[in-house]
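# Observations on the model geometry
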Amino acid sequence: MRQKLAAGNWKMNGTGAALAELEALIQTQSAAKSEILICPPATLLSRAADIASESNLSLGGQDCHAASSGAHTGDLSAQMLKEAGATSVILGHSERRADHNETSETVAAKAAAAWGAGLTAIVCLGETLAEREAGDTLQIIGAQFATSLPDGATAKNTVIAYEPVWAIGTGKVPSLAQIAEVHDFLRAELSTRFGAEMAATTRLLYGGSVKPGNASDIFTTSNVDGALVGGASLKAEDFSPIIAALDAS
Ligand code: 13P
């Protein structure tokens, strides 16, 4: 009912030499059951798209501007990403929320722009350690969910990634019960707002220190449909066993 999704976020890593990792991934994962998505730096998108054409690997951006064009030095529009070969775009990653003061309102405007260009929006939500320790996790996730997603979200145009800020790049992973609590909550929120059919078909990813050694456990957790992987997506030899674990889940 929901095709599993293994998504890699390369963040600000990778020059042309990193494209060899895509070639290796394509070679080893040609029979994967899961959907495989890599979001490289935008500078690599069109070369990556050439390499990935005819393969089961798709490509995404890591951010887009809410406007379709204009005086926004350094920014990229959703249409530009689409033309460069992206099918998806990550939006509202906690690094963008922190480094670029992105609010959930901004994220919603970007999601609408992504949809307008025909891209799937991978909308990221997550609590800080202080918020978790204060017992506010579901309240924070609920507020981010309510504001970051515009009306009109569908299972085709939207993927949600739960990425606890304190688990990103730290090697710390929530307990499986903590992951399940948030994913079950998000599934219920989707149903309340967008209806049972949409909720049953929309993918929910977990992200934050997913590695070959913990992937199997995470993928057997309630309502986890895949992962958004940072560091372990940079090398095919690390990402491949994660995809294999997802296929087996
Ligand atoms: P790590 O897998 O490196 O913790 O990063 C997760 C992430 O932020 C993916 O978007």
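Note: the structure precedes this text.
First, a word on what this report is: a plain description of the structure on this page. Model, not experiment: these values are computed from the prediction.

Conventions we followed
- Residue numbers here run from 1 along each chain, matching the order of that chain's written sequence.
- Per-residue local features of the predicted model are confined to residues with pLDDT of at least 70, and side-chain atom pairs are confined, for both listing and counting, to 80 or more; whole-chain, interface and lining totals are unaffected and use all residues.
- With hydrogens and water set aside, each side-chain value is computed from the structure's full complement of heavy atoms.
- We call a set of buried residues a nonpolar core when its members are Ala, Val, Leu, Ile, Met, Phe, Trp, Tyr or Cys and they connect through side-chain atoms within 4.5 Å of each other.
- Exposure is judged per residue with a 1.4 Å probe applied to protein chains only, and the accessible area is read against the type maximum: over 50% gives exposed, under 20% gives buried, and values in between give partly exposed.
- For this analysis, residues touch if any pair of their heavy atoms sits within 4.5 Å.
- Each helix is a run of H or I in the DSSP string that is no shorter than four residues. Each strand is a run of E no shorter than two, and both are numbered from the N terminus.
- Directions are taken from the helix axis to each C-beta atom, and the arc is the one they span.
- The salt bridge criterion pairs a side-chain nitrogen of Lys or Arg with a carboxyl oxygen of Asp or Glu, the two atoms within 4 Å.
- Throughout, near means a residue has at least one heavy atom within 4 Å of the molecule or strand.
- Each polar contact in these results corresponds to two N or O atoms within 3.5 Å; when the atoms are within protein, one needs to be able to donate a hydrogen and the other to accept it, and residues that are neighboring in sequence are counted only if both atoms are side-chain atoms.
- For this scheme, ten residues count as nonpolar: Ala, Val, Leu, Ile, Met, Phe, Trp, Tyr, Cys and Pro. Four count as charged, namely Asp, Glu, Lys and Arg, and the remainder, Gly too, count as polar.
- Angles here are taken between N-to-C directions and fall from 0 to 180 degrees, while the axes themselves are lines fitted to C-alpha atoms, restricted in helices to the stretch in contact.
- Roughly parallel means an angle under 35 degrees; roughly antiparallel means over 145; roughly perpendicular covers 65 to 115; every other angle is labelled oblique.
- A crossing counts as left-handed when the near helix is turned anticlockwise from the far one by less than a right angle, and as right-handed when that turn is clockwise.

Moving on to the nonpolar core. Side chains that are nonpolar tend, in soluble globular proteins, to be buried together. Residues Leu57, Leu186, Phe219 and Phe239 are the most contacted members of the largest nonpolar core, which totals 63 residues. Contacts of Leu186, omitting those with residues within four sequence positions, involve Leu125, Ile141, Phe145, Ile160, Tyr162 and Leu204. In this structure, Ala7, Cys39, Ala161 and Leu205 belong to the second largest nonpolar core, which totals 11 residues.

Turning to helix α1 (residues 19-28), a few remarks are in order. One full turn of an α-helix is made of 3.6 residues, so residues set three or four places apart face in the same direction. Buried within α1 we find Leu19, Leu22, Leu25 and Ile26. Within α1, the buried residues cover an arc of 110° as seen down the axis, which keeps them to one side. Exposed residues on α1 whose side chains face more than 90 degrees from its buried face are Gln27 and Thr28. Contacts from the buried residues of α1 go to β2 (35-39), α2 (45-52), β3 (57-61) and α11 (236-248).

This paragraph deals with the pattern of salt bridges. Considering all chains together, one arrives at 11 salt bridges under this definition. Where Arg2 meets Asp225, a salt bridge forms, and the shortest distance between an N and an O atom there is 2.8 Å. Of this pair, Arg2 sits in the segment before β1 (5-9) while Asp225 sits in the loop between α10 (215-219) and β8 (226-229), placing them 223 residues apart in sequence. Notably, a salt bridge pairs Glu127 with Arg132, separated by 2.8 Å at the nearest N-O pair. Since its relative accessible area comes to 0%, Glu127 is described here as buried. When salt bridges with common partners are traced through the structure, they connect Asp63, Arg96, Glu102 and Lys110 into a single cluster.

As a matter of local geometry, the ligand sits amid 13 residues, with Lys11, His93, Gly169, Ser209 and Gly231 nearest to it. Within the side chain of Asn9, one N or O atom sits 3.0 Å away from an oxygen atom of the ligand. In this structure, Gly169 approaches the ligand through a main-chain N or O atom, which is 2.7 Å from an oxygen atom. Residues belonging to the shell around the ligand are distributed by class as follows: 4 nonpolar, 7 polar and 2 charged.

Put simply, α1 and α2 touch, their axes get as near as 10 Å, and they point 25° apart. With respect to each other, α1 and α2 are oriented roughly parallel. Handedness of the crossing formed by α1 with α2: right-handed. Where α1 abuts α2, its residues Leu19, Leu22, Glu23 and Ile26 lie against Arg47, Ala48, Ile51 and Ala52.

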